[in-house]
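Next come the chains, spelled out residue by residue.
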Amino acid sequence: MCHTTQRGSTFLFPKICSVFRRFHHTSTSHWCSCSKTISDEKYQDPFQLGKKDLKNLYEDIKKELLVSAAELKEMCDYYFDGKGKAFRPMIVVLMARACNIHYNNSKEVQASQRSVAIIAEMIHTASLVHDDVIDDANSRRGKRTLNQIWGERKAVLAGDFILSAASVALARIGNTTIISVLTQVIEDLVRGEFLQLGSKENENERFAHYLEKTFKKTASLIANSCKAVSILGCPDPKVHEIAYQYGKNVGIAFQLIDDVLDFTSCADHLGKPTAADLKLGLATGPVLFACRQFPEMNAMIMRRFSKPGDVERARKYVLQSDGVQQTTYLAQRYCHAATREIRKLRPSPEREALVHLTEMVLMRDK
């Protein structure tokens, strides 16, 4: 049973925890352990450690997007400007090294494993382009979205083109198992988008629906990319499962913190408008937890915050509740689970960097 204390009261969530355990039983069997810092060890900086393998990443992506039409090229290059942190490719190359060292003490990333990192970033970016069209978003990473500059139709086509180029790069790896693993990501992205368009009236079903959507839209890409590089580097199915579970748990935690930042970070710092999810009619973790303390939010959730004043009222309720704290606490549980998984591999600087990464996910502010 999970609990938190807010203003002298204790709120219990046994039903939500039960649903949560059933949905993620393979990776979070001890998720209600204490929420102290994951570890006091001194870690390698993940970004410094992965820097070598990510050199010229965006130049290599642009080579995959080679196209003669000037306008389409400009659109495809728009987000591959080298200013992002390359979070997903960095996880992939660190996982590749950790698995390679675990299996035969090889300290090099294979060309095919680096290709997975490139493909992961391309799939992710294509999904952002499509999401912005669906959401009619006007800003992303601190600048105008493709759909705002070139229009919705061209933005959809640009996203399709990036996805098709990623598929060509995937086929070039020449491994049918890897193709199967990474095409699952694309299916999950579509299914996750459909889940986001729907809603559940029952409170417990609603939370499970939210977690499933979070996995499919965000965590599946990280989980399956990690699994893909583990398959390429090590024949042991147990290692494949470790890589998958690590990626899944980190991915869900990442999105949970993203949902928290939608309520706690300023728009300029975040690079996109705050309360964006409420404006889209979405009930994320902070809202669902807040609903336990403010049942009047149920009606707003069911009408997807469509009445005048709903967004402002819902945001006020969330900030008055323990919704932000509970969602952060839940993200901690996922990060603990990710740490337990990755520690099953042989010790290496890359393994420790992946542990450190879970702390960075929890502490990020944009």
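Parameters and conventions
- Residues numbered from 1 in each chain as written.
- Predicted model: local features only at pLDDT ≥ 70, side-chain atom pairs only at ≥ 80, totals over all residues.
- Heavy atoms only, no water.
- UniProt positions renumbered as here; feature names shortened; annotations may be inferred.
- Axes fitted to C-alpha atoms, helices over the stretch in contact; angles between N-to-C directions.
- Helix = DSSP H or I, 4+ residues; strand = E, 2+ residues; numbered from the N terminus.
- Parallel < 35°, antiparallel > 145°, perpendicular 65-115°, else oblique.
- Left-handed = near helix turned anticlockwise from the far one by under 90°.
- Contact = heavy atoms within 4.5 Å.
- Nonpolar A, V, L, I, M, F, W, Y, C, P; charged D, E, K, R; others polar.
- Salt bridge = Lys/Arg side-chain N within 4 Å of Asp/Glu carboxyl O.
- Buried < 20%, exposed > 50% of the residue type's maximum accessible area, 1.4 Å probe, protein only.

An unreviewed UniProt entry lists the protein under the name All trans-polyprenyl-diphosphate synthase PDSS1, from Pycnonotus jocosus. On record in UniProt, under Sequence similarities (unreviewed entry), the comment for the protein is "Belongs to the FPP/GGPP synthase family." You can read under Cofactor (unreviewed entry) in the UniProt record for the protein the words "Mg(2+)".

Contact pair helix H9 (residues 152-173) / helix H10 (residues 176-197): the axes reach a minimum separation of 9 Å and the direction vectors enclose 160 degrees. Our classification of the angle between H9 and H10 gives roughly antiparallel. For H9 against H10, the interelement crossing comes out right-handed. From H9, Leu163, Leu170, Ala171 and Ile173 reach across to H10, where they touch Ile178, Ile179, Leu182, Thr183 and Ile186. Looking at the contact of H9 with H10 residue by residue, the class counts come to eight nonpolar, one polar and no charged.

Orientation of helix H11 (residues 203-233) relative to helix H12 (residues 237-264), taken along the N-to-C sense of each, is 145 degrees, at an axis distance of 7 Å. As for the relative orientation of H11 and H12, their crossing is right-handed in sense. In this structure, H11 uses Tyr210, Thr214, Phe215, Thr218, Ala219, Ile222, Ala223, Asn224, Cys226, Lys227, Ser230 and Ile231 to contact H12, whose residues at the interface are Val239, His240, Ala243, Tyr244, Gly247, Lys248, Gly251, Ile252, Gln255, Leu256 and Asp259. Partitioning the contact of H11 with H12 into residue classes produces twelve nonpolar, eight polar and three charged.

Bringing the pattern of salt bridges into the picture now. For the structure on display, the rule yields 18 salt bridges. Arg114 is paired through a salt bridge with Asp60; the nearest N and O atoms lie 2.8 Å apart. Linking Arg114 in helix H7 (residues 111-135) with Asp60 in helix H4 (residues 57-64), this pair joins segments that are 54 residues apart in sequence. Judged by relative accessible area, which is 18%, Arg114 ranks as buried. Here Asp310 makes a salt bridge to Arg303, at a shortest N to O gap of 2.7 Å. It is possible to trace a salt-bridge network through shared partners that takes in Asp60, Lys63 and Arg114.

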